[in-house]
Amino acid sequence: MNTKVNFAGIEMKNPVTVASGTFGYGREYSDFFDLGKLGAIITKGTSLRPKSGNKPPRVCETASGMLNSIGLQNPGVKYFAENDLPNLRKFDTKIIVNACGSSIDEYVELCKILNTLDIDGVELNLSCPNVKEGCMAFGNTYEGVRKVTSSVREVLEKPLIVKLTPNVTNIAEIAKGVEDGGADAVSLINTLLGMKIDINTRRPVLANNTGGLSGPAIKPVAVRMVYQVSQAVKIPIMGLGGIMNGEDAIEFMLAGASVISIGAGNFIDPYTSVKTVEGIEKYMKKYNIENITDIVGTVEMN
Amino acid sequence: MAKQIFAELVKKEEIISGIYKFSVKAEEIVKDSKPGNFIEIRVSDGIDPFLRRPISIYNLDKENGILEFIFQIKGKGTEILSRKEVGDKVDIIGPLGFGTFNFEKYNKIAVIGGGIGIFPLYELSKQAKKSGKAVNCYLGFRNKDLVMLEKEFKDVTDNLTICTDDGSYGESGFAIDKLIKDMENEKYECIYACGPTPMLRTVKKYADENGINAQVSLEEKMGCGLGVCLGCAVKKASSPNDNPEYFHVCKGGPVFNSKDVEF
């Protein structure tokens, strides 16, 4: 049984990764298990300079999921490189930095710094719904995505993955912008823009009014989008959105994802990611699957 | 270090209407817990309700490895939790929070709590009194039907003052007003507070203005409880309003020095 995957040039021991913003820089979860059990860790969204994030309340629960409007709070790439990366590197797993910026120049400058770090890849965040500038503003048109991707591609010497927002009309077209811009892979979906109102105060619960919806509530949307993108581009896909276990992971892989990410599932059970690895192995055993890569995109449509 | 355990519920008691005390076997968590720490409980095996519930620790029985927590039924999650029966397992992560109550360097302290905010103050009072501190406690409730744990707090404090907003039991008025009045004559070296936000704001204002130490246990909506999602932000007092910086209640707190935070 072989769970290894070469994703965008990154050799992973299994297809299970953890999504940016749901795993910090790994420190907290290393109290619970050996991070070396994961295929890769995608860091908290990291920017050129520190960001303090949005006003609280920043999170709230919704049916089978949650809304967040953290606003990309992070200590900046310099702090990450000095304080978090050395600790993360102790584990036998791949490190992908989720990179965010508010202008093309900022993405380019950040990626020049990331070139110098001992990391395995970069995930370009073109999809955060909670910041005013950059991110999703680039991520919702073909041309916006293609332009940022190709600008970064010119300078970045590491594998490049671009993370997409689902808050668009035609996800397949946007994904083509990633491919045409020269990225190695695409990841989807980031959170769906949502809102919750407190009926007693008649105000939105989140200070930012709207936030990104994640968790099992969004899984069917994510699976559909992964399938659509898989039909539109040749580059490999990292699938995410509400994955809670091995069965969910397999569903994404059948839809066309080569690897998957656990997001909000980390919050309710710190072991969700490692249990997902076990669940995938169980499925492989049950159906006599030799290589996990054999099932990618094998869904047969009705 | 935080651990996940499936703790057996050994005792369950509805202390007043809609408020439950659970005693669980949780030796691994109890041994590392400090006053002010909290736990996160997963109430459902499924995905709804989705998030864990952060609940403060009421009592640590280190000898028997028993952890006690008290919660009020406030919504679907706590309602499901209240249906657990003795012998059932409770999915708990803890102890959580690196900001806990510190009393070592003080000799005479004031502890003030309001409503369901009083629970984490019990273990603090117990440990402080045990180590020889003079513990003066003020507990406020809306009315006499909501007064709880009077005997328990009496046993772990030197002076206990119960206040009710409507005067139906104990002293009439807010506990914080009584505390401030007492401080005209009494010298407390530190105030420890947990309860409604207006009460905590008054404690902060009074303590900061009079140069008195105060430790406040804060609440904010939480995602992970581990310091990962950065959801439960509270503003650092030292940072400017137009470019605020934040602590996180689950990691930097839940207990903060009042002068360090703005809420």
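Residues numbered from 1 in each chain as written. Chains lettered and ligands numbered in written order. Predicted model: local features only at pLDDT ≥ 70, side-chain atom pairs only at ≥ 80, totals over all residues.

Within chain B, the regular secondary structure consists of 6 helices and 17 strands. Compactness check: chain B gives a C-alpha radius of gyration of 18 Å against a globular reference of 18 Å for 263 residues, within 12% of the reference. In terms of overall dimensions, chain B has a C-alpha envelope of 50 × 45 × 35 Å along the principal axes. Across the 263 residues of chain B, 50% fall into the buried class. (Helix = DSSP H or I, 4+ residues; strand = E, 2+ residues; numbered from the N terminus. Rg over C-alpha atoms; globule rule 2.2 N^0.38 Å. Buried ≥ 20, exposed ≤ 12 C-beta atoms within 10 Å, placed from the backbone.)

Here we take up the overall build of chain A. Secondary structure assignment for chain A yields 9 helices and 16 strands. The C-alpha radius of gyration computed for chain A amounts to 18 Å, which stays within 12% of the reference 19 Å derived for 302 residues, consistent with globular compactness. By residue count, 58% of the 302 residues in chain A fall in the buried class. A separation threshold of at least 6 residues defines the contact pool for chain A, and within that pool the share at least 24 residues apart is 72%. (Contact = placed C-beta atoms within 7 Å.)

A few words now on the packing of helix 5 (residues 171-180) of chain A against helix 6 (residues 219-232) of chain A. Relative orientation and spacing of two packed helices are given, respectively, by the angle between their axes and the distance between those axes. All names here are of chain A. Where helix 5 contacts helix 6, the two axes come as close as 9 Å, and the packing angle between them is 50°. What the angle tells us is that helix 5 and helix 6 run oblique. You can see that helix 5 and helix 6 cross each other, and the crossing is right-handed. Where helix 5 approaches helix 6, its residues Ile171, Ala172, Ala175 and Lys176 are matched on the opposing element by Met225, Gln228, Val229, Gln231 and Ala232. A breakdown of the residues in the contact of helix 5 with helix 6 according to their chemical character gives 6 nonpolar, 2 polar and 1 charged. (Axes fitted to C-alpha atoms, helices over the stretch in contact; angles between N-to-C directions. Parallel < 35°, antiparallel > 145°, perpendicular 65-115°, else oblique. Left-handed = near helix turned anticlockwise from the far one by under 90°. Nonpolar A, V, L, I, M, F, W, Y, C, P; charged D, E, K, R; others polar.)

All names here are of chain B. According to the domain assignment, chain B consists of domain 1 (3-96) and domain 2 (108-262). Inter-centroid distance (C-alpha atoms) of domain 1 to domain 2 is 22 Å. Listed as interface residues are 19 residues of domain 1 and, on the opposing side, 17 residues of domain 2. Those elements that provide at least two residues to the side of domain 1 that touches domain 2 are strand 1 (3-16), strand 3 (38-42), strand 4 (53-56), strand 5 (59-61), strand 6 (66-72) and strand 7 (89-96). For the side of domain 1 that touches domain 2, a count of residues per class yields 13 nonpolar, 4 polar and 2 charged. (Domains from an automatic or database assignment.)

Residues and elements named next belong to chain A. A two-sided burial pattern is seen for strand 6 (residues 65-68), the buried positions comprising Gly65 and Leu67 on one face and Met66 and Asn68 on the other. Counted along the chain from strand 5 (residues 59-62) to the antiparallel partner strand 6, the turn is 2 residues long, and its residue Ser64 has a positive phi close to 50°. The pairing of strand 6 with strand 14 (residues 210-214) spans 3 bridges and is classified as antiparallel. Note on strand 14: the bridge partner recorded for Met66 is Ser214. (Pairing = 2+ DSSP bridges.)

Attention shifts here to the interface of chain B and chain A. Taken together, the 28 residues of chain B in the interface contact 28 residues of chain A. A breakdown of the residues in the side of chain B that touches chain A according to their chemical character gives 17 nonpolar, 5 polar and 6 charged.

Before going further, it helps to examine the packing of helix 7 (residues 246-255) of chain A against helix 9 (residues 272-286) of chain A. Residue and element names in this part refer to chain A. Remark: helix 7 packs on helix 9, axes separated minimally by 7 Å, with the N-to-C direction vectors making an angle of 65°. Of the possible angle classes, the one that applies to helix 7 and helix 9 is roughly perpendicular. Once helix 7 is placed against helix 9, the crossing between them reads as right-handed. Contact residues: helix 7 offers Gly246, Glu247, Ala249 and Ile250, while helix 9 offers Thr276, Glu278, Gly279, Ile280, Lys282 and Tyr283.

Right, let's get into the pairing of strand 9 (residues 134-141) of chain B. All names here are of chain B. Of all the 8 residues making up strand 9, 7 are buried; the element is thus mostly covered by neighbouring parts of the structure. In the sheet, strand 9 pairs with strand 10 (residues 159-164) via 6 bridges, with the strands oriented parallel. Paired with Cys137 across the strands is Leu160, a residue of strand 10. For the crossover that starts at strand 9, traverses helix 4 (residues 150-155) and ends in the parallel strand 10, the hand is right-handed. (Right-handed = clockwise from strand over helix to strand, strands pointing away.)

This paragraph deals with the nonpolar core. Residue and element names in this part refer to chain A. Ile161, Val186 and Val226 are the most contacted members of the largest nonpolar core, which totals 179 residues. At 6 residues, the largest contribution of residues to this core is made by helix 6. Residues contacting Val186, with those up to four places away along its chain left out, are Ile161, Val162, Leu164, Ala175, Val178, Val229, Val233, Ile235 and Ile237. (Core = buried A, V, L, I, M, F, W, Y, C linked by C-beta atoms within 7 Å.)

Residues and elements named next belong to chain B. Position of Phe174 among the secondary structure elements: in the loop between strand 11 (171-172) and helix 5 (175-182). You can call Phe174 buried: it has 20 C-beta atoms within 10 Å. Along the backbone, Phe174 and Ile162 are 12 residues apart, and their C-alpha atoms lie at a distance of 9.5 Å. Contacts of Phe174, omitting those with residues within four sequence positions, involve Gly140, Cys163 and Asp165.

The next subject is the sheet that holds strand 4 (residues 40-42) of chain A. Note: strands within a sheet are paired through backbone hydrogen bonds, in either parallel or antiparallel orientation. All names here are of chain A. Reading around the circumference, 3-4-7-8-9-10-15-16 is the order of the 8 strands in this closed barrel, with parallel pairing throughout. Ignoring which end each strand starts from, the neighbouring axes of this sheet average 25° apart. The pairing of strand 3 (residues 16-18) with strand 16 (residues 259-262) spans 3 bridges and is classified as parallel. The residue bridging Val18 from the neighbouring strand is Ile262, located in strand 16. Strands strand 7 (94-99) and strand 8 (121-125) of the sheet are contacted by helix 2 (residues 104-115), whose axis makes an angle of about 160° with strand 7.

We now examine the confidence of the model for chain B. Across chain B, pLDDT averages 96, with 100% of residues at or above 70. Interface predicted TM-score (ipTM) for the complex: 0.93; the corresponding pTM is 0.95. (pLDDT = per-residue confidence, 0-100.)

To continue, consider the sheet that holds strand 12 (residues 190-194) of chain B. Residue and element names in this part refer to chain B. With respect to topology, 7 strands assemble into an open sheet ordered 11-10-9-8-12-13-16, the strand pairing being mixed. With partners counted over all chains shown, the strands left at the sheet margins are strand 11 and strand 16 (255-257), one partner each. Judged from the 5 bridges that link them, strand 12 and strand 13 (residues 213-217) form a sheet pairing that is parallel. The partner of Ala193 across the bridge, within strand 13, is Val216. Docked against the sheet, helix 3 (residues 120-130) engages strand 8 (108-114), strand 9, strand 12 and strand 13, running at close to 165° with respect to strand 8. Against the sheet, helix 6 (residues 197-210) engages strand 8, strand 12 and strand 13, with an angle of about 160° to strand 13.

Residues lying three or four places apart along an α-helix face the same way, a consequence of the helix completing one turn every 3.6 residues. Residues and elements named next belong to chain B. Between its first and last C-alpha atoms helix 6 spans 20 Å; for 14 residues at 1.5 Å apiece the expected length is 20 Å, and the two agree. Within helix 6, burial applies to Met199, Leu200, Val203, Lys204 and Ala207. For helix 6, the angular spread of buried residues about the axis comes to 135°, placing them on one side. Looking at helix 6, the residues exposed on the side facing more than 90 degrees away from the buried face are Pro198, Lys205 and Glu209. On its buried side, helix 6 packs onto strand 8, helix 5, strand 12 and strand 13. Looking one or two places after helix 6, you find Gly211, whose phi comes out positive at around 65°. (Expected span 1.5 Å × (residues − 1). Arc of directions from axis to C-beta.)

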